[in-house]
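# Observations on the model geometry
For reference, the chains in residue letters:
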Amino acid sequence: MNEEFQSYQQPIYHNLWIYWLMQLIALVLLPFDHIIASLVGLVVGVVKLYELYAMRDVSEGMGRAWRTMLLSLALTFGGLLMTLLALGSVLGVLLLFVTLAGLIVMIVADYYFFFALDELISPRGYNYPQGRIRWCFWLSLIGGIVAGAFSPFVSLVVQIIVAAVIVWLLWQYLQAVKEKEGY
C-alpha cells in the first residue's frame, strides 16, 4: 500500500515537460519529408520512450503506456529497417505490414498514456478538468482517420492542426502539474 501511495506522489513535471518538448519538435518537423527529419523523428521517439520509462511507476496506465510504446517503436523502426534491407523482395512488402502494425500499436500507447494522465488528476489534485487530456488521444485518432481520407495537402493540414491542439492541451496539463508540484 505504501509503495502505491509513493508512486502517486512521484513528481512527473520534469519528465512530462521533456515529453511535451518532444511533441513540440514532432509538430515542427511534421511538414518536412526528408531523411534528416526522419532521423530526428527517431530520436524524438526514443526520448519520449525514455520519459515514459521514467514515469512508468507512477501508475499502472503509465506502465502499460511504456511497454506498449516500446513494442511500437521496436515494430515500427525494426520493421522499417528490415524493409530497407529487403527492398524489392516479397519479404520487404511483408515487413511493411510489421511497420504498419507498429504504428497501430503506437495508437494504443497513446491511449494508455493520455488516459493514465487523466487518472492522475483526482488523486494528485491537479487543477485541470477531468477528461480533457483524453481529447489528445481522441483527436489524434480522429485526425488520422480524416487525414487518410483526403489529398496529401489536406491530410498535412489536418495533421498539423491536430498536433498543435494536442501540444496545447498537453501544455495546459503541464502547467497544472507545475503548479501542484511547486516548480
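A few points on the structure. (Residues numbered from 1 in each chain as written. Predicted model: local features only at pLDDT ≥ 70, side-chain atom pairs only at ≥ 80, totals over all residues. Heavy atoms only, no water.)

## Description of the packing of aromatic side chains
Our working rule: Within 6.5 Å between ring centres, the rings of Phe, Tyr and Trp (the latter by its six-membered ring) count as paired, and their orientation is classed by plane angle as stacked under 30 degrees, edge-to-face over 60, tilted in between. Between buried and exposed lies partly exposed: a residue is buried under 20% and exposed over 50% of the maximum accessible area for its type, with that area taken using a 1.4 Å probe on protein chains only. Charges are assigned to positions over rings by a cutoff of 6 Å between ring centre and Lys NZ or Arg CZ, combined with an angular limit of 35 degrees from the ring normal.
A complete count under the given rule lists 14 aromatic pairs for this structure. Ring geometry for Phe137 versus Trp138: centroids 4.9 Å apart, planes at 65°, classification edge-to-face. Since its relative accessible area comes to 7%, Phe137 is described here as buried. Taken together, the ring pairs connect Tyr111, Tyr112, Phe115, Phe137 and Trp138 into an aromatic cluster. A cation over an aromatic ring shows up here: Arg56 above the ring of Tyr53, its NZ or CZ 3.8 Å from the ring centre. Over the ring of Tyr128 we find Arg132, and its NZ or CZ is 5.6 Å from the ring centre.

## Quick notes on helix 8 (residues 152-181)
Keep this limit in mind: Numbering of helices and strands runs from the N terminus; a helix is a DSSP stretch of H or I covering at least four residues, while a strand is a stretch of E covering at least two. The span expected for a helix works out to 1.5 Å for each residue beyond the first.
Taking 1.5 Å of rise per residue, the 30 residues of helix 8 would be expected to cover 44 Å, and the 42 Å separating its terminal C-alpha atoms lies within 8% of that figure. Of the positions making up helix 8, those classed as buried are Ser155, Val158, Val162, Ala163, Ile166, Val167, Leu169, Leu170, Tyr173, Leu174, Ala176 and Val177. Immediately downstream of helix 8, the backbone of Gly182 shows phi near 75°, a positive value.

## Remarks on a nonpolar patch on the surface
Rules: Patch membership is restricted to residues that have no salt bridge and whose relative accessible area is over 30%. Joining uses 9 Å for like charges and 5 Å for the nonpolar side chains Val, Leu, Ile, Met, Phe, Trp and Tyr. Throughout, the Shrake-Rupley method with a 1.4 Å probe supplies accessible areas, and for residues the shown protein chains are the sole cover considered. Salt bridges are defined by distance alone: a side-chain nitrogen of Lys or Arg within 4 Å of a carboxyl oxygen of Asp or Glu.
A grouping of Trp135, Trp138, Ile142, Val146, Phe150, Phe153, Val154, Val157 and Ile161 is seen on the molecular surface, where their side chains present a nonpolar patch of about 860 Å² in accessible area. Listing elements by their share of the nonpolar patch, those giving two or more residues are helix 7 (135-148) and helix 8. As for its position among the elements, Val154 is in helix 8.

## Overview of the layout of surface pockets
Heads up, the condition is: Only protein atoms enter the calculation, which uses a 1 Å grid: trapped sets of points that fit a 1.4 Å probe without letting it out are cavities, open sets showing protein on both sides within 12 Å along at least five of seven lines are pockets, and any residue with an atom within 4 Å of a point is a lining residue. Grid points are joined across faces, edges and corners, and a volume is the space filled by probe spheres set on the points. Three residue categories are used. Nonpolar comprises Ala, Val, Leu, Ile, Met, Phe, Trp, Tyr, Cys and Pro, charged comprises Asp, Glu, Lys and Arg, and polar comprises the others, including Gly.
Its volume calculated, the largest pocket comes out at about 1,600 Å³. What lines the largest pocket is a set of 41 residues, among which Ala26, Leu30, Leu103, Met106 and Gln159 lie closest to the centre. For the lining of the largest pocket, the secondary structure elements donating two or more residues are helix 2 (13-29), helix 3 (35-55), helix 4 (60-85), helix 5 (90-119), helix 7 and helix 8. Taken together, the residues that form the lining of the largest pocket break down as 27 nonpolar, eleven polar and three charged. Contributing to the lining of the second largest pocket are Ile35, Ser38, Leu39, Leu42, Phe77, Leu80, Leu81 and Leu84.

## What to know about the side chain of Thr68
Filter applied, for reference: The contact rule is simple, with two residues in contact once any of their heavy atoms fall within 4.5 Å.
Relative to the helices and strands, Thr68 is located in helix 4. Each residue touching Thr68, except ones within four places of it in the same chain, is listed here: Val105, Val108, Ala109 and Tyr112.

The values reported here are purely geometric and, on their own, carry no functional implication.
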